[in-house]
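Tertiary structure, described
What follows is the residue order along each chain.
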Amino acid sequence: MLRRRLNRLLGGDERRVDSRTIYVGHRSCSATEAFIPPKFCDNRIVSSKYTVWNFLPKNLFEQFRRIANFYFLIIFLVQVIVDTPTSPVTSGLPLFFVITVTAIKQGYEDWLRHKADNEVNKYLVTVLEDGGRIQKESEKIKVGDVVEVEEDETFPCDLILLQSSRDDDTCFVTTASLDGESNHKTHYTVPDTEKDLESLNATIECEQPQPDLYKFVGRMHIYKNDQEPTVRSLGPENLLLKGATLKNTQKICGVAVYTGMETKMALNYQGKSQKRSAVEKSINAFLLVYLCILVSKALVCTTLKYVWQSKPGQDEPWYNEKTQREKETNLYLKMFTDFLSFMVLFNFIIPVSMYVTVEMQKFLGSFFITWDKDFFDPEIKEGALVNTSDLNEELGQVEYVFTDKTGTLTQNNMEFIECCIDGFQYKYRDASSELDGFCVTDGPVSKLQQKAGREKEELFLRALCLCHTVQVKESAEQGQGQRDGLIDEVDGLGVDGEVVHPLQEQRGFIASSPDEVALVKGAMRYGFTFLGLESKTMKILNRNNDVEMYELLHVLNFDPVRRRMSVIVRSKSGDTLLFCKGADSSIFPRVRREEVERIRMHVERNATEGYRTLCVAYKILSAEEYAQADAGLREARLALQDREEKLMTVYNQVETGMSLIGATAVEDRLQEEAAETMEALQGAGMKVWVLTGDKMETAKSTCYACRLFQRNTELLELTVRTLEDGGRRREERLHDLLLEYHKKAVQDAPPVKAGVTRSWSSAGQDYGFIIDGATLSMVLNSSSESNSNRYKNLFLQICQNCTSVLCCRMAPLQKAQIVKMVKNSKGSPITLSIGDGANDVSMILEAHVGIGIKGKEGRQAVRNSDYAIPKLKHLKKLLLAHGHLYYVRIAHLVQYFFYKNLCFILPQFLYQFFCGYSQQPLYDAAYLTMYNICFTSMPILAYSLLEQHICMEVLLDNATLYREIAKNAMLRWGPFLYWTLLGVFHGLLFFFGVRFLFSNPALQDNGQVFGNWSYGTIVFTVLVFTVTLKLALDTRHWTWINHFVIWGSLAFYVFFSFFWGGIIWPFLRQQRLYFVFANMLSSVSAWLVIILLILLSLLPEILLVVFRKPRGPHARQIAAVTPLSYKHLKERE
Amino acid sequence: GEINKTDQHQYYNEWIFGLEKGSKRIAAMMATSYNAKEEDGHHSGASSHGAAGVVKSKKPDNTAFKQQRLPAWQPILTAGTVLPAFFVIGLIFIPIGIGLYVSSNNIKEFEIDYTGVDISNPCYSCAKNFSWNSTTPCVCSMNFTLEQPFESNVFMYYGLSNFYQNHRRYVKSRDDSQLNGDQSALKNPSKECEPYRTSDGLPIAPCGAIANSLFNDTLELYHIDSNNTRNTIPLVKKGIAWWTDKHVKFRNPGENLTAAFQGTNKPVNWRKPVYELDPSDPDNNGFINEDFIVWMRTAALPTFRKLYRIIQKKSNTTPTLPSGKYVLEITYNYPVLSFDGRKRMILSTISWMGGKNPFLGIAYITVGSICFFLGVVLLIIHHKYDTRSNSADIPN
């Protein structure tokens, strides 16, 4: 008994690895075995991170995991423990502020999550249990419960559809909230389940939860009294996902298979990895430098302190005795605490406020993208969307642009252009000229040219009408309940005119791919109208206004590997027909040779014109053939493992020996301003790569149309076709070609100066490179490891020397592979991927910056992108204007922050040489604390949000300006050194200027003297004014906000100083600054030295601005924007 | 990103998918809820016919701020604009500098070191034989001659060298509450005063190292007139401290000083308690003694001077200190040799810019000249540049 249990348990464990068993309604299947309900997680969704109890520790722990926060915490703790020069408040307050604000923000977010969680978890659902209907809270649903869902409700967990109120055992679902696809998807009940769910005795075996929304494999065993259980296969079409909404169906019943955190929706919640921008990496590098400066400063001071103290009488003169405790402390411990004290004293050099300011800048700055009305698209009534504000500045650093073709470069707004039936061309356009000898097209289409034989034509049109997965939108009856937003995507027919049946005006088609809609609509123009699919019967209205009925037997779904789809239908007359449509490359090998030649020509010509071509083939299945195919398909669909592969083999078996009946050409128009945008991107020094799944000819013509390839561009082709040309082994040919191209494009090309991107209009030959998916995989996965690496390098080098690269016939994963390869290549260039469809998600996630286009292929790309824009043309402004400005802003922000803290702390460091290395702070604690928080933070924040060193129009007009900031130009070591030297210069000037003034501390006209706090206050005043005015000097774009903030913070500093020194502060044992500031202002000398030092500090800066001259080949364009020649720009205007 | 109730569920879904796991910012939150709203708008749009409303809410506002088109002043720093500025700066700075330099030079200053390091120094023996315990003060006299008469008020400073009044341990060793007359602080001085906080179990008033090391040399000045008689020069001991310090920051704990300081001890190195600093003048006694206040303002650098006395100008006809022989009589109480320090007495007149310091004048003249010079250079460059850019424009 025990052993059996154990076995079962172990067995169960084993089973858990690949599948789970669910007892529908918790009814055991066989009476013989005791029913042990398996354990699954409950249906509670927990998206919140914290509870009331663990919020504080957990949140604090997470915050202090950030290296910067941890550093500040350490500094704070040192201040608390060790006797340090500054009070713990000085660093504790800002840290506390930052931590609190972050905690409040995260707490609020989590509270929202809790609220949302509760909303979902406490939602009442109807569960069928023990013959009754029970209302249950959603979180109490267990796996195996039979749940009833009504129209417009969302599914509380992942359900297997058992019963639908619709007659045809289907239900409609929208998954807008899951993947953004707003069309209605049809889901099917499990066949042969009993109507009476109470008596249904079944188990479901299905795979363990996995996040892929479109994959589900399962098997249902239905037990009927003592019969052998019937087995039904379950696929994604039977699975209703949590989060999806029931539509057009009154109610359904389903059994819960995945609950709570195991639902596909929850599994998809796994966040994507966070992208870090190059600027952040620069900050970290600079931080390291400053950390080194900090440590070395502390070390120098500690060493000097002990050297100084070793002289007699210095360490402990009679007037300044140590306390008993100090005397007793161990020397080495004392040295260590001294070192820590110096660290604390100088720690302001790494400002906690920089992180806050950078965060704020990014967060607030990203609003300008969403607010930009130029990104608003009246068609979809949406503007840009910012999913992450971390990467704003990365938009100004892009070197490689990877773009999808369909829907990105082109509109994905398909229009049926022409078709070719049996070698004859039919074009639906009025009075187009004859295109080739044996084919004429003119006149209205209702009268087809009698060239190809009526039978063939009708067969072709029927094929178009049948071979698809288009749904007819039932607008007449149910239209009112529908949202009209659908119409946009549905493409009502009325728009196109030439409508035969007025009733159809309201008819719309819904399909996952716009090609299909275009084809069905095309067929309609020729007189064959698809009326819809009802209970497995497809209805077609033919030219004679008769309704033809076809029983839909199987749909062999489209997939990007096969690149074709088929349907098997049975006509009224009993013939079983297979219609197949797909890419020429996948159809031609499967049809008779002699048919191919007649059509290939058309297909190729259409492709070069930039049309999307599909070939249509059919075959009549004999009874045995069909039986065999049917059995194969059913078996494959039932398979629990490797179902995909098995299905594929069956598909491939069935789709052979067909006869080609024709081809279609569908136009996909270029996006608005696609060419201009591409030209601008190239002008900005970006390399544009087109990655598409489309065929080469189509993609090439699109590239020409987008001016990615120019007339004089020499194309280097590396495709299956060129590989097969030589008649040798592909590998050898690949090797030769790669070497040849490499010689051409890399070795013979004029040497390019390092760091300078090649001018796009330079005299040298432009190269374009074309590669297809098959060849790419040969390059990447070459037989031998060494070859592979070498090929990869050659390939990369060639590509880097080409103005544009076209990669066609790419699988989605290959797109990501290419992005990854370029991303990791030498110099790790910044990459940007832009796409609109689910197939672009991988490359969007892979690239440094992922841009989604709010196109027609659902919202997955948008959801996974970092930024989403409605149209391709918006990319230009996003990169050239926004990206450029954001980069300049944040780069300046970072450099300025380091600068201002260096010249803040340097005088304090120098002061140690004059105060016996005793860690005496130069500035008062209030100044130390407030410097970064209040006195100097707002102007730089305003600058970093509002600065437009070059106005947007100029940026957009002169794409070359983008090159000025390429390769992180403003955050390289050069500029960093400049800023650091500037900081050092200012620091030295401030300190020694006042030092020489204080050689006689009698600075007032009444002979009274100033003390150390006056010294510090004068230095600090000079400091605050200088760093603020330095920023003012850098500001090229003075809005009222800049004025307000810059003059405001100076005024605030003065006001604060008066206030802080004007009162005897209760509860403070030291009134160090009492009237120090006021007394300082009463001294003429102090005024004079402040003015002198400010002016002297800014003098080099002013000179530099004036002397800076435009250089390089684009001098004129640059000249147009450098301050010196703004004048000229104005004159030109 | 306000989320109304009907959006809640949608919002939730958006949340799950739209949000990153870790530190997603509010931006994303707002973005997603925005998104959620719009999708919901799609769902309900047709039934409510609210399409126009949806459009309105989603179209970005066309405000200057949001479109980054705020009217802005774009200053252009060109040689042309900077040039006059340089000339102006030069023209202003050079006269100021000259003025400063001249007035600094006009200030008469006399300095005498009375530390007594050399055996020739009259104070040598006082310095050598210094003992904390001696009850009789050691007095020494220094003779000196003023070559030039000192007109107007003369200020007498004492200067100390290598005295680290700005040492951290020293600077913080005070209790401003106590000095402000706070009773509780008087009896319970701040811990910062250690090790000068208590003595013999009683709190020290004033506590701390600064107070403890109060400069207590007495300097007296005599003029030797032509018939060799010593005329005492009256030294004014008030008006040497900041007015605010004397009247606000420092306050005695009570009217009756002896009673007020009952229960406290004098600083260990002092010879007399704080309420006997100046018994002659109750307005200058206790914490509000000006010598004490001046000492309590810690100096910025290890070599410093502090105002000791003021010699008021008597009449318009005679100089305050006529040229001639003088004697400085020092009651030598303050040891500095142990830490290699120096003591000086400084007589100085004062101008509008303070004491003698040529630095500011030289700096102003230098900067002014540099600006002027740069102005000239820029003028040349400006001319050259203009012609060059003009010629460069022609071929295009």
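Quick notes on the rules
Throughout this description, residue numbers start from 1 for each chain and increase along the sequence as written. Here the convention is simple: chains get letters from A, ligands get numbers from 1, in the order in which they are written. A pLDDT threshold of at least 70 governs which residues receive local features in this predicted model, and a stricter bar of 80 or more applies before side-chain atom pairs are shown or counted, although totals over entire chains, interfaces and linings include all residues. Side-chain descriptors were evaluated using all non-hydrogen atoms of the structure, hydrogens and water having been removed beforehand. By definition, any uninterrupted DSSP run of H or I lasting at least four residues is a helix, any uninterrupted run of E lasting at least two residues is a strand, and each is numbered from the N terminus. Here's how the labels work: a residue is buried when its accessible area is under 20% of the maximum for its type, exposed when over 50%, partly exposed in between, all with a 1.4 Å probe on protein chains only. Whether two residues are in contact is decided by their heavy atoms: any pair within 4.5 Å suffices. Accessible surface is estimated by sampling points in the Shrake-Rupley manner with a 1.4 Å probe; for residues, cover comes only from the protein chains shown. The pairing criterion is simple: DSSP has to find at least two bridges between the two strands. UniProt positions are given in the numbering used here, feature names are shortened, and annotations may be inferred rather than shown by experiment. The criterion for a disulfide is a pair of cysteine sulfur atoms lying within 2.5 Å. Each nonpolar core is a collection of buried residues, namely Ala, Val, Leu, Ile, Met, Phe, Trp, Tyr and Cys, held together in the definition by side-chain atoms within 4.5 Å. With axes taken as lines fitted to C-alpha atoms, and helix axes fitted only over the stretch in contact, angles between N-to-C directions fall between 0 and 180 degrees. Any angle that falls under 35 degrees is termed roughly parallel, while one over 145 is termed roughly antiparallel, one within 65 to 115 roughly perpendicular, and all others oblique. Left-handed describes a crossing whose near helix is turned anticlockwise from the far helix through less than a right angle; right-handed describes the clockwise counterpart. Basically, the charged four are Asp, Glu, Lys and Arg, the nonpolar ten are Ala, Val, Leu, Ile, Met, Phe, Trp, Tyr, Cys and Pro, and anything else, Gly included, counts as polar. How sure the predictor is of each residue is captured by pLDDT, a score from 0 to 100.

1. What to know about the overall build of chain B
Per the secondary structure count, chain B includes 13 helices and 10 strands. Per-residue burial for chain B yields a buried fraction of 53% across its 396 residues. In chain B, of all internal contacts separated by at least 6 residues, the share reaching a separation of at least 24 is 78%. Only carbon and sulfur atoms are counted for the fraction: they give 56% of the accessible area of chain B, which is about 17,300 Å².

2. Digging into the sheet that holds strand β11 (residues 239-240) of chain A
All names here are of chain A. The strand order across the open sheet formed by six strands is β3-β2-β4-β13-β5-β11, and the pairing between neighbours is antiparallel. Edge positions in the open sheet fall to β3 (132-137) and β11, since each of these has one partner strand only. The sheet contact formed by strand β5 (residues 158-164) and strand β13 (residues 251-258) spans six bridges and is antiparallel. Note that in β13 the partner of I160 across the bridge is V255.

3. Considerations on the UniProt feature "transmembrane region" (unreviewed entry) in chain B
Residue and element names in this part refer to chain B. With numbering matched to this structure, UniProt assigns "transmembrane region" (unreviewed entry) to residues 76-102 and 359-381. Helix makes up 89% of residues 76-102 and strand 0%, and the two end C-alpha atoms of the span are 38 Å apart. In the segment residues 359-381, helix accounts for 100% and strand for 0%; the C-alpha atoms at its two ends are 32 Å apart.

4. Here we look at the state of the cysteines
All chains considered together, the criterion is met by three disulfides over all chains. With a sulfur-sulfur separation of 1.7 Å, C126 of chain B is cross-linked through a disulfide to C138 of chain B. When the S-S torsion is -85°, as for the bridge of C126 of chain B with C138 of chain B, the disulfide is left-handed. Of this pair, C126 of chain B sits in helix α5 (residues 124-128) while C138 of chain B sits in strand β2 (residues 138-146), and the two are 12 residues apart along the sequence. Among the residues examined, C138 of chain B registers a relative accessible area of 27% and is labelled partly exposed. Counting only the cysteines that take part in disulfides, in the order they occur along chain B, gives the pairing 1-4, 2-3, 5-6. Its sulfur unpaired, C903 of chain A is 18 Å from the next cysteine sulfur, which belongs to C934 of chain A.

5. Quick notes on the nonpolar core
Ranked by internal contacts, the top residues of the largest apolar core, which has 197 residues, are W295 and L347 of chain B. Among all residues touching W295 of chain B, those that are not within four sequence positions of it are Y158, L160, F163, Q165, Y170, I210, S213, L214, F215, F304, K306 and Y334 of chain B.

6. A few points about the packing of helix α29 (residues 874-911) of chain A against helix α30 (residues 925-935) of chain A
The angle between the axes and the distance between the axes are what describe a pair of packed helices. Residue and element names in this part refer to chain A. For the pair α29 and α30, interaxial distance at closest approach is 11 Å and the crossing angle is 165°. Comparing the axis directions of α29 and α30 gives the class roughly antiparallel. You can see that α29 and α30 cross each other, and the crossing is right-handed. Each of F897, K900, N901, F904 and Q908 in α29 lies in contact with α30, whose residues at this interface are Y927, L928, Y931 and N932. Tallied by class, residues from the contact of α29 with α30 come to five nonpolar, three polar and one charged.

7. Concerning the confidence of the model for chain A
Residue and element names in this part refer to chain A. On average, chain A scores 80 in pLDDT, and the residues at 70 or more come to 85%. This stretch, residues 6-16, has a pLDDT under 50; its non-local contacts, to residues over four places away or in other chains, come to seven contacts. Note that residues 1110-1133 has pLDDT below 50 and, in this model, 44 contacts with residues that lie over four places away or in other chains.

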